[in-house]
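Coordinate analysis (summary)
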Amino acid sequence: MRFLHEKELKNKPRINTNSSEVATINQIKEVIPAQAGIPVFFIIVLTLFFSNISFAQQNINDVFEKTLSYRGLIKEDFTFPINFEEPSPTNNSKLILPLVKDLMINPLKSEEVLNKISVNQQYEQEYDIAELINLFAFNDNRLVVRTGSILRTYSEIYNYLIKLLNFDYHYKNDRFKELGETSSNFLLANYQKILSDDEGGNSNDIFEFNRNRDSSWSLTKRIYDVLSIFDKERTLSQPAENLITIREIRNFFKGLDDLGKFKEFLEECKLENSYFKIVIGSFENETHKFDASEKIIMVIDFGGSDTYELNKNVKYILDLGGNDTYESDKDGCVASAFFDNSFIYDKSGDDKYIGKNFSVGAAICGMAGIIDEEGNDFYSGQTFTQGAGLFGVGFILDNNGNDIYNGISYSQGFSMTQGIGMLIDNKGNDSYLIDSRSLDVTRYSDHYISMNQGFSYGLRPFYAGGIGLLLDNEGNDIYNSDIFGQGSAYWYALGILMDKNGNDKYNGYQYSQGGGIHFAVGLLKDYNGTDFYSTNGVSQGCGHDVGFGMLHDVAGDDNYSAIGLSQGAGNANGIGVFIDENGSDGYLNRTPSNTRGYGNYRRDYGSLGVFLDASGTDFYSMPGQDSTVISGSTYGISDDYFLQNLQEPLTTNSQTQNSGNSLSPDLNKDYSQDELFIMAKTIEPMFAEYQKYGFNKLIRDSTNTARYILKYLGSSDHRDLLVLTNLVQKIGYSMAMVFKDEINKYLNGQNNLNRFELAYICGLIGFTRNAELKNELLQLTFDNSDRVISEAINALGKIDYDKNDTQFIEDVSIRFSEIVDVGTLNKGMLKNIAFAINNYYSQTNFNTLLNLAAYDYYGIRFNAADALKKYASDYYNDLSTGINSTNIVFVQQALLNGFQNLDDNLFMNFVNANKENLLLTDAMKITTAQIILLKSKSSSNPGFLNWGITLIKEIEASTNLKIR
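Residues numbered from 1 in each chain as written. Predicted model: local features only at pLDDT ≥ 70, side-chain atom pairs only at ≥ 80, totals over all residues. Heavy atoms only, no water.

The subject of this paragraph is the overall build of the protein. Along its length, the protein carries 28 helices and 50 strands. Across the 964 residues in the protein, those meeting the buried criterion constitute 63%. (Helix = DSSP H or I, 4+ residues; strand = E, 2+ residues; numbered from the N terminus. Buried < 20%, exposed > 50% of the residue type's maximum accessible area, 1.4 Å probe, protein only.)

Of all 6 residues in strand E25 (residues 467-472), 6 are buried, a share of seventy percent or more. With burial as the criterion, each face of E25 is covered, one bearing Ile467, Leu469 and Leu471 and the other bearing Gly468, Leu470 and Asp472. Both strand E21 (residues 420-425) and E25 contribute to a ladder of 6 bridges, which runs parallel. Bridging from a neighbouring strand, Met422 pairs with Leu469 of E25. In terms of strand pairing, E25 meets strand E29 (residues 494-499) through 6 bridges, oriented parallel. Its bridge partner being in E29, Leu470 is matched across the sheet by Leu497. (Pairing = 2+ DSSP bridges.)

Here we take up the nonpolar core. If you look at the biggest cluster of nonpolar residues, it comprises 246 residues, and the most contacted ones within it are Phe136, Phe253, Ile300, Phe384, Met422, Phe899 and Phe907. In terms of residue count, helix H6 (residues 154-179) provides more of this core than any other element does, 9 residues in total. Once residues lying within four places of it in the same chain are set aside, the contact partners of Phe136 are Leu97, Leu99, Ile117, Ile420, Met422, Ile467, Leu469 and Ile496. Counting 33 residues, the second-largest nonpolar core is a separate cluster that includes Cys333, Val334, Tyr560 and Tyr620. (Core = buried A, V, L, I, M, F, W, Y, C linked by side-chain atoms within 4.5 Å. Contact = heavy atoms within 4.5 Å.)

As a further point, take the environment of Asn251. Secondary-structure assignment places Asn251 in helix H9 (residues 232-255). With 99 residues separating them in the primary sequence, Asn251 and Arg152 have C-alpha atoms 9.9 Å apart.

With that out of the way, let us pick up the packing of helix H8 (residues 206-227) against helix H11 (residues 673-681). With their axes 10 Å apart at the nearest point, H8 and H11 run at an angle of 75° to one another. Between H8 and H11, the angle falls in the class roughly perpendicular. For the pair formed by H8 and H11, the contact residues are Ile206, Phe207, Asn210 and Asp214 on the first element and Glu675, Ile678, Met679 and Lys681 on the second. A class-by-class count of the residues in the contact of H8 with H11 yields 4 nonpolar, 1 polar and 3 charged. (Axes fitted to C-alpha atoms, helices over the stretch in contact; angles between N-to-C directions. Parallel < 35°, antiparallel > 145°, perpendicular 65-115°, else oblique. Nonpolar A, V, L, I, M, F, W, Y, C, P; charged D, E, K, R; others polar.)

Our focus in this paragraph is the packing of aromatic side chains. In total, this model carries 73 aromatic pairs according to the counting rule given. Aromatic pair Tyr154 and Phe265: ring centres 5.6 Å apart, planes at 45°, arrangement tilted. Of the two residues, Tyr154 sits in helix H6 while Phe265 sits in helix H10 (residues 259-267), which places them 111 residues apart along the sequence. Residue classification places Tyr154 among the partly exposed positions, given a relative accessible area of 26%. Where Tyr405 meets Tyr432, the ring centres are 4.9 Å apart and the plane angle is 5°; that geometry is what we call stacked. (Phe/Tyr/Trp six-rings, centres within 6.5 Å; stacked < 30°, edge-to-face > 60°.)

As a further point, take unusual backbone geometry. Cis peptide bonds are those with omega within 30 degrees of zero, and the linkage from Arg460 to Pro461 qualifies with 5°. If you trace the backbone, Pro461 turns up in the loop between strand E24 (455-457) and E25. The phi dihedral of Arg769 falls on the positive side, at around 60°, and the residue is not glycine. Checked against the element boundaries, Arg769 lands in the loop between helix H16 (755-768) and helix H17 (774-780).

Tracing the backbone shows Ala836 in helix H20 (residues 827-836). Its relative accessible area of 0% is what places Ala836 among the buried residues. Sequence separation of Ala836 and Ala795 is 41 residues, and the distance between their C-alpha atoms is 7.7 Å. Leave out the neighbours within four places in its chain, and Ala836 touches Ile793, Gly797 and Phe816.

With that settled, the discussion passes to the pairing of strand E37 (residues 548-553). Burial analysis of E37 places 6 of its 6 residues in the buried class, which makes it a mostly covered element. Direction of pairing for strand E33 (residues 521-526) relative to E37: parallel, over a ladder of 6 bridges. In the sheet register, Gly522 faces E37, and the bridge partner there is Gly549. Pairing of E37 with strand E41 (residues 575-580), which is carried by 6 bridges, proceeds in the parallel orientation. Residue pairing across strands places Leu551 opposite Phe578, the latter belonging to E41.

For the rest of this paragraph, the subject is the sheet that holds strand E20 (residues 414-415). Judged by pairing direction, the sheet is parallel, and its 10 strands sit side by side in the order E9-E12-E16-E20-E24-E28-E32-E36-E40-E43 without closing on themselves. A single partner strand is all that each edge strand has here, and the edge strands are strand E9 (336-338) and strand E43 (598-599). Sheet analysis places E20 next to E24, joined by 2 bridges and oriented parallel. Opposite Phe414, over in E24, you have Phe455 as the bridge partner.

Our focus in this paragraph is the pattern of salt bridges. On inspection of all chains with the given rule, the structure shows 31 salt bridges. Taking the shortest distance from any N to any O, the salt bridge between Glu85 and Lys101 comes out at 3.9 Å. Taken together, the residues Glu85 in the loop between helix H2 (60-70) and helix H3 (98-105) and Lys101 in helix H3 connect sequence positions 16 residues apart. By relative accessible area, which is 66% here, Glu85 ends up exposed. When the shortest N-O distance is used, the salt bridge between Glu776 and Lys740 registers 2.8 Å. With Glu776 in helix H17 and Lys740 in helix H15 (residues 732-747), this pair connects stretches of sequence that are 36 residues apart. A relative accessible area of 6% places Glu776 in the buried class. (Salt bridge = Lys/Arg side-chain N within 4 Å of Asp/Glu carboxyl O.)

Let us now look at the packing of helix H22 (residues 858-868) against helix H24 (residues 889-897). It is the contact of H22 with H24, at a shortest axis distance of 7 Å, that shows an interaxial angle of 30°. Put simply, H22 runs roughly parallel to H24. Facing H22, whose interface residues are Arg861, Ala865 and Leu868, H24 presents Phe890, Ala894, Leu895 and Asn897. Residue composition of the contact of H22 with H24, grouped by class: 5 nonpolar, 1 polar and 1 charged.

Before going further, it helps to spend a moment on H8. Compared with the 32 Å implied by 1.5 Å per residue over 22 residues, the 32 Å span of H8 between its first and last C-alpha is a close match. All of the buried residues in H8 are Ile206, Phe207, Phe209, Asn210, Arg213, Ser216, Thr220, Ile223, Tyr224, Val226 and Leu227. You can read the cap of H8 off the contacts: a side-chain oxygen lies 2.9 Å from the backbone nitrogen of Phe207, and it is on Asp205. (Expected span 1.5 Å × (residues − 1). Polar contact = N/O pair within 3.5 Å; in protein donor to acceptor, adjacent residues only side chain to side chain.)

With that settled, consider the confidence of the model for the protein. In this model, the protein carries a mean pLDDT of 85, and residues with pLDDT of at least 70 account for 88%. Residue range residues 646-660 is modelled with pLDDT below 50. Its contacts to residues more than four positions away, or to other chains, number 37 contacts. (pLDDT = per-residue confidence, 0-100.)

Right, let's get into the environment of Leu918. Tracing the chain through its elements places Leu918 in helix H26 (residues 915-918). Remark: the alpha-carbon pair of Leu918 and Gln893, spanning 25 residues in sequence, is separated by 9.8 Å. Look past the residues within four positions of Leu918 in its chain and what remains in contact with it is Ile883, Phe910, Val911 and Met924.

Looking now at the side chain of Ser184. Within the secondary structure layout, Ser184 lies in helix H7 (residues 181-190). For Ser184, a relative accessible area of 6% gives the class buried.

Written out as structure tokens, the structure is:
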């Protein structure tokens, strides 16, 4: 649907509604401008100009809720029906942080979280960072952050430092003792392989490639399994406390008025024992060299432009002046923590922090950080760097200066499981750059993995991710990324990028700029400035595969460029939200059909996409959309509000082929089924010919393949299950017969199928549409697993059974009714019932649909509204009573949508008889107008067409709403 505001309507032709003339469908077409990609009958022209309304009377939340109401949505619809209590082999959220879980259930609470973060104008103190750890790790409910003590004398600070070093030494030893010698040695030898990008070993042999890949995954999981014994209370409470310790040390040095006297005092102290040594620097330029064999773990330097050559990780460096360089050509140095703590404090100067992997503010099972008070600084690292945490906290706090941050990947506010990564820059024009070296072989031959700038990543499908934050408070900044970045996240994780002020440039390619990817939440919020956003797609407020993505720009004249799946787009049951509050903005898209309020239909319910530009005179590459509401997508809404300035196949071409580098199988070789399956599941572009060959061979041998694939039902490798899904659409009958045999064995207690395997079989049966399993599916709705019941229901909604089998229809309908009447809270199951009911016409199901249409979750309600269309004529009186018996607008909308297939005259009679109650709200007026236009598409009734125009005129006369 498309609604125009008054300023666009001045030159539009009017329909003459004189009683002597009869409006025709061609006249309606004349006044409703056709839009590319939007059927003419889906276009309604509305003015939303209210002369007596100012924005001061409506905040952005009010406008957002009004926008939702145009699509028949409410805030409660924004949730994901995830069963956290019953993880599956392909979907486990183990060790999920409570805040991430909360936002997966209530995505719109994201704004509340962002407001908590932004309450401080500047994050200048370690105490502030400790409070963020409390919010991120414990959702404000667990950790009480102490304020610390005041250290006034030289002796107090000296004793404090010694106590700190003693604690750190014993802390690490205790943790390793807890792991045991075998696990400790395993971690020490392998932890740096966690982020290996060379999973396939660059082999051109498809089988060696897959062996290498599977081995890499297995090793990574084993590392996680070892680390997982340390829960967040152990790995994150202590870092927050350590930050207060660091604050006390830092405040002491900031308050020193005579550095020379303190230096003399320290030189007289005992600065060495059996396991640590403190080095005291001078006021001159020095080069500090540290070999791995030395036990130096602290340096205090009083001035000069110094160079630190770190061949080992010096745990604490306190430098009080000068243009300093901290560098290492080894991994795990330069503010790097592994089961301990590491910290660099630099008081002033233009400094350089140059590390390799696991460096420059990176921590595993501990805390590592850099605090730089002032100066134009340069931060460089390779992988897992610049504020990165895994089972721990890594951070950078830079308080002033025009800084440059450069990394390869997994950097700049990055986290993994039970980790928090933070990069906070308070002032200056900063550049956040990526060095493209880590090729994204799974998707592209010419794009690179970034995972930077407020990004978090979970180990799919076993372990949830953490929370990554990049917060820039002031300055004209540049953000550069490629694949994965800029306030995005992957697998039960949370990624946040917040920029408080300045004219900024955001450049990314995919899964970026507020992208929630595969069960994750990604948030980008820019508060002020004239900003430019550029991306290819699955970005700019896009939720993909049960992910929530949001881009919220508060103020400024901004420009947004994207190809597709962006600017408030939901894909594969994701939820995408885009909000631009103020300014005259520009929107450029190459494929506008899946941007700006787009939501598609997957897994038998919809994705949600919401686009809201709340004010300003805006430019669109697709003309005529300023001050316009467009609801051309069933599951999306695009609203360019009328106020003036207020001070898995993706169309984005997500998979490309390697040009000239594709490898081919040996056509003369007799490959085994195992080898053919490996080929079929290998999705890297260079093996495209292998993939095609293996898949086609499996299809040709359908009988043997159907039984062979049973071994993969419980696989945790999503590639295996993708092959099964694709195969079932080619050899569905053969697979259905094998499944029938296996299900009957299960029902008779003769096999060992677990609930995940059984549920997946049900899902595959749905793809086959084979009705020979109808009785088995119905029996499975009485299973003791909600997962199995839900998938069996879904399959029942897809099978192509004999519609004359009235007994089966009634049996299924009664079972659906029983499940709904029990009052289950499983939204996924209810969504599947609302979908499946469409396959079974009966009075029992009509009554069930009336109940489902009242649910405050769109996945249930929209499916029910669609199913009700079949019942409009036969159950006219009941449906009419249902609409009038409630004053809940979104329920009225759902039920009224059931009248889309109603006889024209009956629809007119109903509206006329119930006009006073029916058209009380703008939302219901728009819903009525939508139905009129939809019905006009197939109507040849001149009386109905003329009545529709007359009704719109009547609405115009009684409100400020004008309709064309």
